[in-house]
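If you want the building blocks of each chain, they are given just below.
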Amino acid sequence: SRRRRSLVSIESLGSPTRGRADSSVQVMATPKAVEDVETEVDKFTLSAFIMTETKDLEMTILMNAMQLACKLIARAVRKAGVANLYGLHGSANASGDDVKKLDVLSNDIMINALRNSGMCALLVSEEEEEPIVIPEEIRGKYCLAFDPLDGSSNIDCNVSTGTIFSVYERKSTGEPGVEDILRPGTEMVAAGYCMYGSATDFVVTFGSGVHRFTLDDSVGEFVHFGEMKFPAKNKTIYSCNEGNFALWDDAIQKATEQFKAGPKPYSARYVGSMVSDVHRTILYGGVFYYPADKKSTKGKLRILYEGFPMALITEQAGGVADTGMFKGKLGRIMDVIPENIHDRCPIIMGCQRDVEKVLAFYN
């Protein structure tokens with residue numbers, strides 16, 4: 001055939017320098033297909049995995065709504081430039097941060113998808129001052145807290161962003177309220193995040209390991225990538241906003257100096273998007289921290305939709321998540337009881353080796 005005639009063996013051409021064939025060089029007669037369509041049916045999708053893992057139809061429906069929202073946000077992030085979605089919206093959120101146009105759009109996408117799932121009773125969003133109570137006729141049993149677009153300050157310069165969420169089952173039998181969600185992280189039934197970068201990754205835990213899915217744009221499905229754990233041999237990486245160094249307590253300052261000292265100092269990596277920094281920390285090892293300081297005595301990161309979900313994921317992946325010195329003592333992030341829906345706490349999370357190095361300076 002024409003195609004087969006075009007595949008000329010390098011051996012028949014001979015060596016360009018010696019004028020004879022090099023028998024060590026071989027050419028495959030049949031090029032490998034770019035995409036093996038026959039294996040497409042073997043892909044384990046997010047929906048199939050959740051149904052198999054939890055055997056819970058309601059949780060599967062909820063996660064279907066969550067993944068739909070994440071797909072729509074991923075699409076909006078990729079079209080931000082051409083759709084004129086860069087820049088500020090002109091308002092501030094419940095935490096006082098300037099709101100980007102994509103923050104508003106992502107928030108609307110999340111609320112609509114979760115509300116219409118029929119599985120939610122209460123929603124808490126970083127962008128909303130008060131919790132959203134779902135109407136009784138479409139009310140379910142889950143209470144969710146979420147950051148629709150974490151790291152949105154990086155959007156205009158095309159740096160990775162993400163969505164973070166935590167899931168509780170409501171306890172009340174009447175009208176749902178904040179008491180259904182102002183509970184320690186140990187009572188979460190699920191947590192996860194979706195990262196919008198060079199690929200769109202959906203990471204989730206139901207309290208038994210952490211699983212990673214990657215969006216296959218050709219079929220529009222999140223496909224199971226594998227279990228996500230800290231590596232057996234952790235890299236030496238520390239991740240923090242060193243611009244706040246002068247405001248930190250002595251222990252955090254000394255720990256940071258230790259990471260930079262010695263003949264083999266740690267590498268510094270800081271994106272400024274919690275999703276990206278924690279994702280890298282779990283995959284490569286090391287430590288990520290955003291401690292309390294003289295200006296922000298409770299830290300900067302919110303408990304319900306940043307601290308708790310990332311702490312559960314970190315622990316389930318084999319790491320440690322601690323507050324550092326908070327309210328006069330060291331403690332596990334998951335044991336904190338939030339005082340309000342936008343409450344904050346300090347964060348020190350990563351592999352056991354490096355978190356313990358930081359905490360040792362408090363002793």
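Above this note sits the structure.
Criteria and thresholds
- Residues numbered from 1 in each chain as written.
- Predicted model: local features only at pLDDT ≥ 70, side-chain atom pairs only at ≥ 80, totals over all residues.
- Heavy atoms only, no water.
- Core = buried A, V, L, I, M, F, W, Y, C linked by side-chain atoms within 4.5 Å.
- Buried < 20%, exposed > 50% of the residue type's maximum accessible area, 1.4 Å probe, protein only.
- Helix = DSSP H or I, 4+ residues; strand = E, 2+ residues; numbered from the N terminus.
- Polar contact = N/O pair within 3.5 Å; in protein donor to acceptor, adjacent residues only side chain to side chain.
- Contact = heavy atoms within 4.5 Å.
- Axes fitted to C-alpha atoms, helices over the stretch in contact; angles between N-to-C directions.
- Parallel < 35°, antiparallel > 145°, perpendicular 65-115°, else oblique.
- Nonpolar A, V, L, I, M, F, W, Y, C, P; charged D, E, K, R; others polar.
- Salt bridge = Lys/Arg side-chain N within 4 Å of Asp/Glu carboxyl O.
- Pairing = 2+ DSSP bridges.
- Left-handed = near helix turned anticlockwise from the far one by under 90°.

1. So, the nonpolar core
Formed by 42 residues in total, the largest nonpolar core has its most connected members in Ile181, Met274, Met310 and Met349. Only strand 3 (120–125), strand 5 (142–150), strand 6 (161–169), strand 7 (190–196), helix 7 (274–284), strand 13 (287–290), helix 8 (303–316) and strand 15 (347–350) provide two or more residues apiece to this core. For this core, the element with the most residues is helix 8, which contributes eight residues. Counting 40 residues, the second largest nonpolar core, distinct from the first, contains Leu62, Met63, Met119 and Cys194.

2. Looking at the side chain of Ser117
The topology assignment puts Ser117 in the loop between helix 5 (101–116) and strand 3. There is a polar contact of 2.7 Å between the side chain of Ser117 and the backbone oxygen of Leu114. Within the structure, Ser117 has its side chain in polar contact with the backbone nitrogen of Met119 (distance 3.2 Å). Setting aside chain neighbours within four positions, we find Ser117 in contact with Ile61, Leu62 and Ala65.

3. Digging into the packing of helix 6 (residues 250–260) against helix 9 (residues 352–360)
Helix-helix packing is characterised by the crossing angle of the two axes and by the distance between the axes. Here helix 6 crosses helix 9 at 130°, and the two axes come no closer than 8 Å. The angle between helix 6 and helix 9 falls in the class oblique. Residue-level contacts link Ile252, Ala255, Gln258 and Phe259 of helix 6 to Asp354, Lys357 and Val358 of helix 9. Grouping the constituent residues of the contact of helix 6 with helix 9 by class yields four nonpolar, one polar and two charged.

4. Some details on the pattern of salt bridges
Counting across every chain of the model gives 16 salt bridges. In this structure, the salt-bridge partner of Glu315 is Arg332, at a minimum N-O distance of 2.8 Å. With Glu315 in helix 8 and Arg332 in the loop between strand 14 (320–322) and strand 15, this pair connects stretches of sequence that are 17 residues apart. On the accessibility criterion, Arg332 (36% relative accessible area) is partly exposed. Linked by salt bridges that have partners in common, Lys298, Lys327, Glu339 and Asp343 make up one network.

5. Observations concerning the pairing of strand 5
Along strand 5, nine of the nine residues are buried, which leaves the element largely enclosed by surrounding structure. When strand 3 meets strand 5, the two strands line up parallel, connected through five bridges. Bridging from a neighbouring strand, Ser125 pairs with Phe146 of strand 5. When strand 5 meets strand 6, the two strands line up antiparallel, connected through seven bridges. Bridging from a neighbouring strand, Tyr142 pairs with Glu169 of strand 6.

6. Concerning the packing of helix 7 against helix 8
Contact geometry of helix 7 with helix 8 gives a least axis separation of 11 Å together with a crossing angle of 15°. It follows that helix 7 is roughly parallel to helix 8 by the angle criterion. The two elements helix 7 and helix 8 cross, and the hand of that crossing is right-handed. Where helix 7 approaches helix 8, its residues Met274, Val275, Val278 and Ile282 are matched on the opposing element by Glu306, Met310, Ile313 and Thr314. Tallied by class, the residues present in the contact of helix 7 with helix 8 amount to six nonpolar, one polar and one charged.

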